[in-house]
Amino acid sequence: YGLKEAMLNKIVASLEIDQKANQKMVEKQLHRKTLILVLDEIDMMFKKSHDAQSWFSTLISWADDKKMRFSMIGISNCVNYDNANLVRKLAHAPRELAFSAYTEEDILAILQARVGTRIIDLKALQLISRRVAA
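Residues numbered from 1 in each chain as written. Predicted model: local features only at pLDDT ≥ 70, side-chain atom pairs only at ≥ 80, totals over all residues. Heavy atoms only, no water.

Undergrad: What's the story with the overall build of the protein chain in this structure? I'm lost.
TA: Within the protein chain, the secondary structure is distributed over seven helices and two strands. Listed by position from the N terminus, the elements making up the protein chain come as α-α-β-α-α-β-α-α-α. For 134 residues, the compact-globule formula gives about 14 Å, and the C-alpha radius of gyration of the protein chain, at 19 Å, lies well above that figure. Counting the 134 residues in the protein chain, one finds 31% classified as buried. Contacts in the protein chain between residues far apart in sequence, at least 24 positions, make up 60% of those at least 6 positions apart. About 9,700 Å² of surface is accessible on the protein chain, with carbon and sulfur atoms providing 53% of the total. Side chains of the protein chain carry 20 positive and 16 negative charges; the gap between the two charge centres is 5 Å. (Helix = DSSP H or I, 4+ residues; strand = E, 2+ residues; numbered from the N terminus. Rg over C-alpha atoms; globule rule 2.2 N^0.38 Å. Buried < 20%, exposed > 50% of the residue type's maximum accessible area, 1.4 Å probe, protein only. Contact = heavy atoms within 4.5 Å. Areas by Shrake-Rupley, 256 points an atom, 1.4 Å probe, with all protein chains shown as cover. Lys, Arg positive; Asp, Glu negative; His and termini not counted. Charge placed at Lys NZ, Arg CZ, Asp CG, Glu CD.)

The structure is reproduced here in C-alpha cells:
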C-alpha cells in the first residue's frame with residue numbers, strides 16, 4: 001500500500017463504512033458523518049511518499065468543501081523546513097499556532113511524572129532532559 005491507500009483505509013475504519021469503500025464512497029459519507037483528521041509530523045508525509053502531494057491536495061479540498069463534515073489538523077516540529085513550506089503552500093496559508101520548545105525543566109517534569117525515579121535515576125533523567133532540550 002501507498003500512503004493514500006493506508007490513510008484511506010484508516011478513514012474508512014473511522015467512518016465505520018464498508019472496508020472496500022473507495023475515495024468516492026468516503027467523500028459521500030463525509031457529507032453525513034463528521035471526521036477530524038489529525039496528522040502528526042505532517043511535513044514528513046512528503047519525504048515518505050511520491051503520491052503525497054496529490055493526496056494532501058485531496059484532503060485540503062475536502063476540508064475546504066463546506067458541504068463536507070471534514071476538518072484536518074496538521075502537526076509539525078519543523079516550521080522552517082522545505083516540506084513544511086510545501087504544506088503551507090498546498091494548504092492555502094493555513095492557520096498556524098506556534099508553540100515554544102520544551103525547556104530542560106519541562107522535559108524533566110514530564111519524565112518524572114511519567115517514568116518516576118524508581119526505574120531511572122534522577123541524574124539520568126536530568127541528563128536526558130539536557131540532551132533533548134539542547
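Undergrad: Would you mind going over helix H4 (residues 52–64) with me for this structure?
TA: Since there are 3.6 residues in each turn of an α-helix, residues three or four apart along the chain are aligned in direction. End to end, H4 covers 18 Å across 13 residues, agreeing with the expected 18 Å (1.5 Å per residue, within 8%). Regarding H4, the residues found buried are Ala52, Trp55, Phe56, Thr58, Leu59, Ile60 and Trp62. (Expected span 1.5 Å × (residues − 1).)

Undergrad: Looking at this model, I keep getting lost on the nonpolar core. Mind explaining?
TA: Across soluble globular proteins, nonpolar side chains have a tendency to be buried as a group. Among the nonpolar cores identified, the biggest contains 28 residues, and Val26, Phe56, Leu59, Trp62 and Phe70 are the most heavily contacted of them. Mapped by element, the contributors of at least two residues to this core are helix H1 (3–15), strand E1 (35–40), helix H3 (45–48), H4, strand E2 (70–75) and helix H5 (82–90). Considering each element in turn, this core owes the most residues, six residues, to H4. If we skip the residues at most four places from it in the chain, Phe56 touches Ile42, Met45, Phe46, Met72, Val87, Leu90 and Ala91. (Core = buried A, V, L, I, M, F, W, Y, C linked by side-chain atoms within 4.5 Å.)

Undergrad: Looking at this model, I keep getting lost on the layout of surface pockets. Mind explaining?
TA: Over the atoms, a rolling probe the size of a water molecule traces out where space has been left empty. Approximately 1,100 Å³ is the volume attributed to the largest pocket. In this structure, the largest pocket is lined by 32 residues; those nearest its centre are Gly74, Ile75, Arg95, Glu96 and Leu97. Contributing elements (two or more residues each) for the lining of the largest pocket: H4, E2 and H5. For the lining of the largest pocket, the element with the highest residue contribution is E2, accounting for six residues. Tallied by class, residues from the lining of the largest pocket come to 21 nonpolar, six polar and five charged. (1 Å grid on protein atoms, 1.4 Å probe; cavity = no way out; pocket = protein on both sides within 12 Å on 5 of 7 lines; lining within 4 Å. Points joined across faces, edges and corners; volume = space filled by probe spheres on them. Nonpolar A, V, L, I, M, F, W, Y, C, P; charged D, E, K, R; others polar.)

Undergrad: Mind showing me how you'd approach the packing of H1 against H4 here?
TA: Packed helices, taken two at a time, are described by the angle between their axes plus the distance between the axes. The geometry of H1 relative to H4 is characterised by a closest axis approach of 9 Å and an angle of 35° between their N-to-C directions. Contact residues: Leu3, Lys4, Met7, Leu8 and Ile11 in H1; Ala52, Trp55, Leu59 and Trp62 in H4. Grouping the constituent residues of the contact of H1 with H4 by class yields eight nonpolar, no polar and one charged. (Axes fitted to C-alpha atoms, helices over the stretch in contact; angles between N-to-C directions.)

Undergrad: Mind showing me how you'd approach the pattern of salt bridges here?
TA: Close approach of charged atoms allows side chains with opposite charge to pair. Per the counting criterion, the structure on display carries one salt bridge. The closest approach of N and O atoms between Glu27 and Lys24, which form a salt bridge, is 3.7 Å. With Glu27 and Lys24 both in helix H2 (residues 23–29) and three residues apart, the pair spans about one turn of that helix. The class of Glu27 is buried, set by a relative accessible area of 14%. (Salt bridge = Lys/Arg side-chain N within 4 Å of Asp/Glu carboxyl O.)

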